[in-house]
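Chains, contacts and geometry: an overview
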Amino acid sequence: RRRLALAFDGFDVRSGEEGTSTEAFFHYLDGLMESGLNLSLFVAVEDWLKEEHTFLEGAHLLRLGPLDDTSATDLIVQPASGALDFDYQAVRRILELSSGHPYFVQLLCHVVFEHCAIAGRVSEKDVEAILPEALELASPYVERLWSNASPQAKTVLAALASARGARGILLEQDLRYVLRRRGATLSFAEISQA
């Protein structure tokens, strides 16, 4: 007997608010998963996703999070192999800008490819040149993250964006210092949760 596999990438169950077409789709998936059909559901979700729906109980959840440097480098270099050569500094800059987040790695590489495919080579200067376009393309994703963030998370994110630690590393004490300087009175637990 054949099995039907449905795969969803970039799934956000929080958008299934009451009365929306997304909620109706979720109810439909609930029914499919409870129907006894020979069905497998694969769902790629953000690492921070906490909400549960009936259809997710039987699904294979793939939690997305940052890639390690080796995996992110492979994601940068391998798909364009033979068409683009990346300077070491260009790869490092993409890793730095994306923090290994798969969506941002792919977004940056997409824009780099569009601009550099003819030349066949990517330098750090090329990566810097595509940043305005990449930021514009990333805006809807970032805006969605921001609108779903708690007030504490927004405070911590704003502090993180304004601070830069030694060698690009921001220590907890650096973050706490920035928050205190800005008058934010968040406990360690609130900072950690945010």
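As a starting point, this report considers the structure included with it. Sequence order as written defines residue numbering, which begins from 1 separately in each chain. Local features in a predicted model are, by the rule used here, given only for residues with pLDDT of at least 70; side-chain atom pairs are given and counted only at 80 or more, and totals for whole chains, interfaces and linings are based on all residues. Water and hydrogen atoms were dropped before computing side-chain values, which therefore reflect all heavy atoms in the structure.

**A closer look at the nonpolar core**
Nine residue types can take part in a nonpolar core, namely buried Ala, Val, Leu, Ile, Met, Phe, Trp, Tyr and Cys, and a core is a set of them joined through side-chain atoms within 4.5 Å. Burial status follows relative accessibility: with a 1.4 Å probe on protein chains alone, a residue under 20% of its type maximum counts as buried, one over 50% as exposed, and anything between as partly exposed. Counting residues in each nonpolar core, the largest one holds 20 residues, and the members touching the most others are Ile 76, Leu 84, Phe 86, Ile 94, Val 112 and Val 122. Here the element with the most residues in this core is helix α5 (residues 102-116); it accounts for six residues. Note on contacts: a residue pair qualifies if any of its non-hydrogen atoms lie within 4.5 Å across the two residues. Sequence-distant contacts of Val 122, defined by excluding residues within four places in its chain, comprise Leu 84, Asp 85, Phe 86, Asp 87, Ala 90, Val 112, Cys 116 and Val 127. Core analysis: the second largest hydrophobic core is formed by 10 residues, Val 43, Phe 55, Leu 56 and Ala 59 among them. Here a helix means four or more residues in a row that DSSP labels H or I, a strand means two or more in a row labelled E, and each is numbered from the N terminus.

**Looking at the environment of Ile 130**
Structurally, Ile 130 is set in helix α6 (residues 124-148). Classification of Ile 130 by relative accessible area gives buried; the value is 3%. In contact with Ile 130, other than residues within four places in its own chain, are Leu 108, Val 111, Val 112 and His 115.

**Focus: the packing of aromatic side chains**
The criterion for an aromatic pair is that two Phe, Tyr or Trp rings (for Trp, the six-membered ring) have centres within 6.5 Å, with stacked assigned to planes under 30 degrees apart, edge-to-face to planes over 60 apart and tilted to the rest. Per the counting criterion, the structure on display carries four aromatic pairs. With centroids separated by 5.8 Å and ring planes inclined at 70 degrees, the aromatic side chains of Phe 8 and Phe 25 adopt a geometry described as edge-to-face. Taken together, the residues span a long stretch of sequence, with Phe 8 in strand β1 (residues 4-11) and Phe 25 in helix α1 (residues 21-34) at a distance of 17 residues. Assessed through its relative accessible area of 22%, Phe 8 is described here as partly exposed. Aromatic rings pair up to connect Tyr 103, Phe 104 and Tyr 141 into one cluster.

**Points about the pattern of salt bridges**
Salt bridge, as used here, is a side-chain nitrogen of Lys or Arg placed within 4 Å of a carboxyl oxygen of Asp or Glu. Tallied over the full model, the rule gives four salt bridges. Where Asp 69 meets Arg 92, a salt bridge forms, and the shortest distance between an N and an O atom there is 3.4 Å. With a gap of 23 residues between them, Asp 69 in helix α3 (residues 69-77) and Arg 92 in helix α4 (residues 88-98) connect regions that are remote in the sequence. Relative accessible area serves as the criterion here: at 32%, Arg 92 is assigned to the partly exposed category. Between Arg 121 and Asp 87 there is a salt bridge, with the nearest N and O atoms lying 2.7 Å from each other. A residue pair is termed long-range when its members are at least 10 positions apart, and Arg 121 in strand β5 (residues 121-122) and Asp 87 in the loop between β4 (85-86) and α4 qualify at 34 residues. Residue Arg 121 is classed as partly exposed on the basis of its relative accessible area, which comes to 44%. Exposure remark for Asp 87: the relative accessible area of 23% places this residue in the partly exposed category. A single network of salt bridges, built from pairs that share partners, joins Arg 93, Glu 96 and Glu 128.

**Details of the packing of α4 against α5**
For any two helices packed against each other, the geometry is given by the interaxial angle and the distance between the axes. In this analysis, axes come from line fits to C-alpha atoms, helices being fitted only over the stretch in contact, and the angle between any two N-to-C directions falls in the range 0 to 180 degrees. Running from amino to carboxyl end, α4 crosses α5 at an angle of 135 degrees, the nearest separation of the two axes being 9 Å. Classified by the angle between their axes, α4 and α5 sit oblique to one another. As α4 runs across α5, the sense of the crossing is right-handed. Judged by residue contacts, Ile 94, Leu 97 and Ser 98 of α4 engage Phe 104, Val 105, Leu 108 and Cys 109 from α5. When its residues are assigned to classes, the contact of α4 with α5 shows six nonpolar, one polar and no charged. An angle below 35 degrees is treated as roughly parallel, one above 145 as roughly antiparallel, one from 65 to 115 as roughly perpendicular, and anything else as oblique. Definitions for this section: a left-handed crossing has its near helix turned counterclockwise from the far helix by less than a right angle. A right-handed crossing has that turn clockwise. By the convention adopted, Pro, Cys, Tyr, Trp, Phe, Met, Ile, Leu, Val and Ala count as nonpolar, Lys, Arg, Asp and Glu as charged, and the other residues, Gly among them, as polar.

**Brief notes about a nonpolar patch on the surface**
Distance thresholds for patches are 9 Å for like charges and 5 Å for nonpolar side chains (Val, Leu, Ile, Met, Phe, Trp, Tyr), applied to residues having over 30% relative accessible area and no salt bridge. Per-residue and other accessible areas follow the Shrake-Rupley method at a 1.4 Å probe size, with only the shown protein chains counted as cover for residues. On the surface, Trp 146, Leu 157 and Leu 160 cluster together to form a nonpolar patch covering roughly 270 Å² of accessible area. Here Leu 160 is to be found in helix α7 (residues 151-162). Residue Leu 160 is classed as partly exposed on the basis of its relative accessible area of 36%.

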